[in-house]
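# Inside the fold
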Amino acid sequence: MKKDRILLADDHRMLAEALKKLLEEHFEPVGIVEDGRALLTAAEKLKPDVIVADISMPLLNGIEAVKLIKKTLRDVKIVFLTMHPDVTYAASAFEAGAAGYVLKHSAPSELITAINSVLAGRQYVTPLIADELKEFNRAGHSAGQDALSRLTPRQREVLQLLAEGRSAKEIAAVLNVSSRTVEFHKYRMMEELGVKTSTELVRFALKHRLIEQ
């Protein structure tokens, strides 16, 4: 019987290798990537049935990566495997197109169940936050109802790279644009968010957890 194909995305290589061993009895792991941009490339090339991704990854976080992936690979199932028990993260994950949300410390007992659930067309939320997420959604909250949602996808990409300490030239190389374009996005973000310095932009990125502190 043909196994469903799984692509793993996590910047902690040892964890990803351990997950691969956990999954390979039931599925076919087809690759491991360690940042959000590598995930975009691998997803397009390998076209897996399921992507198991962390949220916090360098170059492009998992949520922004999944938003881009779902534009072209609409049928791929996404399970986020993360250390974040915060329901706003979970709400953002599902808004981005995820079908599953598992906490890393629950991975050995829950991940295979989560993958089978999403392959069967169901959503899976780790029981540790399921009730809280239902209440969050019932109250009409939206993970996008904040200042971050006012930025364009490209601006959020630039912001994450700035927060990682990269120069305009380095960001331009990552995004394949000119340094002038990067500076333009930076200026428009500062204008939109009402901040005056790069340091304030970085603080904003940290506050909204685009990168790990």
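Here we summarise the structure given alongside this text. (Residues numbered from 1 in each chain as written. Predicted model: local features only at pLDDT ≥ 70, side-chain atom pairs only at ≥ 80, totals over all residues. Heavy atoms only, no water.)

Reading across the sheet, the six strands line up as β2-β1-β3-β4-β5-β6 and stay open at both edges, with parallel pairing between neighbours. Every interior strand has two partners, whereas the edge strands, β2 (28-33) and β6 (124-125), have only one. Across two bridges, the pairing between strand β5 (residues 100-103) and β6 is parallel. Of the residues in β6, the one forming a bridge with Tyr101 is Val125. (Pairing = 2+ DSSP bridges. Helix = DSSP H or I, 4+ residues; strand = E, 2+ residues; numbered from the N terminus.)

Backbone geometry at Lys47 places phi at a positive 45°, although glycine is not the residue there. Locating Lys47 in the fold gives a position in the loop between α2 (36-46) and β3 (50-53). Although it is not a glycine, Asn176 adopts a positive phi angle of roughly 60°. Its place among the elements puts Asn176 in the loop between α8 (168-175) and α9 (179-193). The exposure class of Asn176 is exposed, given its relative accessible area of 71%. (Buried < 20%, exposed > 50% of the residue type's maximum accessible area, 1.4 Å probe, protein only.)

What follows is about empty space enclosed by the protein. Summed over the entire model, instances satisfying the criterion amount to one cavity of 30 Å³ or more. Of the volumes computed, that of the largest cavity is approximately 40 Å³. If you go around the largest cavity, the residues you meet are Leu8, Ala9, Asp10, Leu19, Val52, Ala53, Asp54 and Leu81. When residues of the lining of the largest cavity are traced back to their parent elements, those giving at least two are β1 (5-9) and β3. Across the lining of the largest cavity, the residue classes tally to six nonpolar, no polar and two charged. (1 Å grid on protein atoms, 1.4 Å probe; cavity = no way out; pocket = protein on both sides within 12 Å on 5 of 7 lines; lining within 4 Å. Points joined across faces, edges and corners; volume = space filled by probe spheres on them. Nonpolar A, V, L, I, M, F, W, Y, C, P; charged D, E, K, R; others polar.)

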